[in-house]
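Read off the chains here:
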Protein chains: 2
Amino acid sequence: MAQAQTLSRNQQIVLNIIEKAKGPLKAYSILFNVQKKGINAPQQIYRALDKLIEMGKIHKIESKNAFVACRSSDCEISKATAFSICESCEMVDEISDTKLSKYLSSFNHKKGMKFKRFNLEFFGLCKKCK
Amino acid sequence: MAQAQTLSRNQQIVLNIIEKAKGPLKAYSILFNVQKKGINAPQQIYRALDKLIEMGKIHKIESKNAFVACRSSDCEISKATAFSICESCEMVDEISDTKLSKYLSSFNHKKGMKFKRFNLEFFGLCKKCK
DNA sequence: TTATCATTGTTATAATATAACGTTTGTTAT
DNA sequence: ATAACAAACGTTATATTATAACAATGATAA
Ligand SMILES: [Zn+2]
Ligand SMILES: [Zn+2]
Ligand SMILES: [Zn+2]
Ligand SMILES: [Zn+2]
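Predicted model only: the values in this text are computed from it and were never measured.

Definitions and cut-offs
- Residues numbered from 1 in each chain as written.
- Chains lettered and ligands numbered in written order.
- Predicted model: local features only at pLDDT ≥ 70, side-chain atom pairs only at ≥ 80, totals over all residues.
- Heavy atoms only, no water.
- Near = heavy atom within 4 Å.
- Polar contact = N/O pair within 3.5 Å; in protein donor to acceptor, adjacent residues only side chain to side chain.
- Helix = DSSP H or I, 4+ residues; strand = E, 2+ residues; numbered from the N terminus.
- Phe/Tyr/Trp six-rings, centres within 6.5 Å; stacked < 30°, edge-to-face > 60°.
- Buried < 20%, exposed > 50% of the residue type's maximum accessible area, 1.4 Å probe, protein only.
- Lys NZ or Arg CZ within 6 Å of the ring centre and 35° of its normal.
- Axes fitted to C-alpha atoms, helices over the stretch in contact; angles between N-to-C directions.
- Parallel < 35°, antiparallel > 145°, perpendicular 65-115°, else oblique.
- Left-handed = near helix turned anticlockwise from the far one by under 90°.
- Contact = heavy atoms within 4.5 Å.
- Nonpolar A, V, L, I, M, F, W, Y, C, P; charged D, E, K, R; others polar.
- Pairing = 2+ DSSP bridges.
- Domains from an automatic or database assignment.
- Buried area = accessible area lost by both parts, 1.4 Å probe.
- Salt bridge = Lys/Arg side-chain N within 4 Å of Asp/Glu carboxyl O.

(A) Representation of the protein's contact with DNA strand D. Close to DNA strand D lie 17 residues; Q44(A), R47(A), K26(B), Q43(B) and K60(B) are nearest. Restricting the count to atoms of DNA strand D within 4 Å of the protein gives a sugar and phosphate share of 42%. Between a phosphate oxygen of DNA strand D and a side-chain N or O atom of N10(A), the distance comes to 2.8 Å. Y28(B) places a side-chain nitrogen or oxygen 2.9 Å from a base nitrogen of DNA strand D. Among the elements of the structure, helix 1 (9-20) and helix 3 (42-55) of chain A together with helix 3 (42-55) of chain B are those that each provide at least two residues to the surface near DNA strand D.

(B) Representation of the packing of aromatic side chains in the model. Summed over the entire model, instances satisfying the criterion amount to eleven aromatic pairs over all chains. Where F115(A) meets F122(B), the ring centres are 4.2 Å apart and the plane angle is 20°; that geometry is what we call stacked. A residue pair is termed interchain when its members come from two chains, as with F115(A) in strand 5 (residues 114-125) and F122(B) in strand 5 (residues 114-125). Exposure class is identical for F115(A) and F122(B). Each is buried. Positioned above the aromatic ring of F123(B) is the side chain of R117(A), whose terminal nitrogen or guanidinium carbon lies 3.9 Å from the ring centre.

(C) Representation of the packing of helix 2 (residues 27-34) of chain B against helix 3 of chain B within the structure. Residues and elements named next belong to chain B. The N-to-C vectors of helix 2 and helix 3 enclose an angle of 115°; their axes lie 9 Å apart at closest approach. Classed by the angle they form, the pair helix 2 and helix 3 counts as roughly perpendicular. When you trace helix 2 past helix 3, the crossing you get is right-handed. Here helix 2 contributes A27, Y28, I30, L31 and V34 to the contact with helix 3, which in turn contributes P42, I45, Y46 and L49. Here the residues of the contact of helix 2 with helix 3 sort into nine nonpolar, no polar and no charged.

(D) Seen up close, the pairing of strand 5 of chain A. As judged from the seven bridges shared by strand 3 (residues 80-86) of chain A and strand 5 of chain A, these two strands associate in the parallel manner. Counted as the bridge partner of I85(A) is F123(A) from strand 5 of chain A. Taken together, the eleven bridges between strand 5 of chain A and strand 5 of chain B define a ladder with antiparallel strand orientation. Across the sheet, G124(A) pairs through a bridge with F115(B), a residue of strand 5 of chain B.

(E) Broad picture of the protein's contact with DNA strand C. Not every one of the 16 residues close to DNA strand C is listed here, only the nearest: K26(A), Q43(A), S8(B), Q44(B) and R47(B). For DNA strand C, the backbone makes up 40% of the atoms found within 4 Å of the protein, where backbone means sugar plus phosphate. K26(A) places a side-chain nitrogen or oxygen 2.5 Å from a phosphate oxygen of DNA strand C. For DNA strand C, a base nitrogen lies 2.6 Å from a polar atom in the side chain of Q43(A). Among the elements that line the surface near DNA strand C, the one with the most residues is helix 3 of chain B, at four residues. For the surface near DNA strand C, a count of residues per class yields three nonpolar, eight polar and five charged.

(F) Quick peek at the domain arrangement of chain A. Residues and elements named next belong to chain A. In terms of domain boundaries, chain A breaks down into domain 1 (9-69) and domain 2 (80-124). For domain 1 versus domain 2, the distance between C-alpha centres works out to 22 Å. Taken together, the contact pairs nine residues of domain 1 with nine residues of domain 2. Across the domain 1/domain 2 interface, buried area totals approximately 680 Å², and carbon plus sulfur atoms make up 59% of it. Among the residues of domain 1 in contact with domain 2, H59, I61 and K64 are the three that bury the most area, contributing 56% of the side total. Between the two partners, domain 1 and domain 2, sit one salt bridge. A salt bridge links E90 to K64; its shortest N-O distance comes to 3.1 Å. For the pair domain 1 and domain 2, the number of links is four residue pairs in polar contact (both at pLDDT 80 or more). For the side of domain 1 that touches domain 2, the elements supplying multiple residues, two or more each, are strand 1 (58-61) and strand 2 (66-69). The element best represented in the side of domain 1 that touches domain 2 is strand 1, accounting for three residues.

Next comes the structure, spelled out in structure tokens:
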């Protein structure tokens, strides 16, 4: 059962940076940004990232090894994620489309696999770049 | 226009290993497997992998940083890929489902982005593991 | 031939991520 | 309050994944 989540100090620092960013952030870029706050080691970043992902506060963009804040309030703990990614400017936008989400959540593989989670990444050129 | 592709020596070696494998292979695991064939450096592997991906002969499983051979003859140069991934045994299966593919290929983001490509990864437990 | 282009081999290094260990802090139960 | 436990922390070291840079070779075509 999901309880009201209280963030630890490091988790809050990392989340703030990611939320303020315009695009996806990489772990070491986050690290360099928080060294003034006394966080010095990759482990501290990765631990915070792991927890934030568990909580559904952020998502990992797998094709970029980078992290974005969750912008969709109804995104249930990263079980069903979809993103549009611009191949030119690197912009990433979280897609919350109920139909898409339902379609994929109910998709069942012929070979008898039952899915718990999916991640979908679209690539192309955003409005600005096309 | 796609021409009949001729593979170079290194490309062929790497493809053979990936095709013979039961599951996804990581770049360095491929490297260790081909050192007897005179390939000694990561660059040689990554270069072959890049070309093979371009040709649509293999795909990268982004969430695992690993590579699988393309099993679906109608998979057009990795423009529309979908996989089911077992979180227990690491099995990966390429999904070729025309409906799914059409649905996603025609999916258009509200914000005006036109997609060229997508990659979808489902996670769960395979038949054996559930 | 000469130019051009893909591929190769090689060394070095960058970028991403985890292991392992001990300490500190926060929570819960008595 | 205090003991017990779990979560988070700080730190050092190391593992894993990926690219840069450069020189040599091989294949293709004007
Ligand atoms: Zn989300
Ligand atoms: Zn763009
Ligand atoms: Zn394929
Ligand atoms: Zn399995």
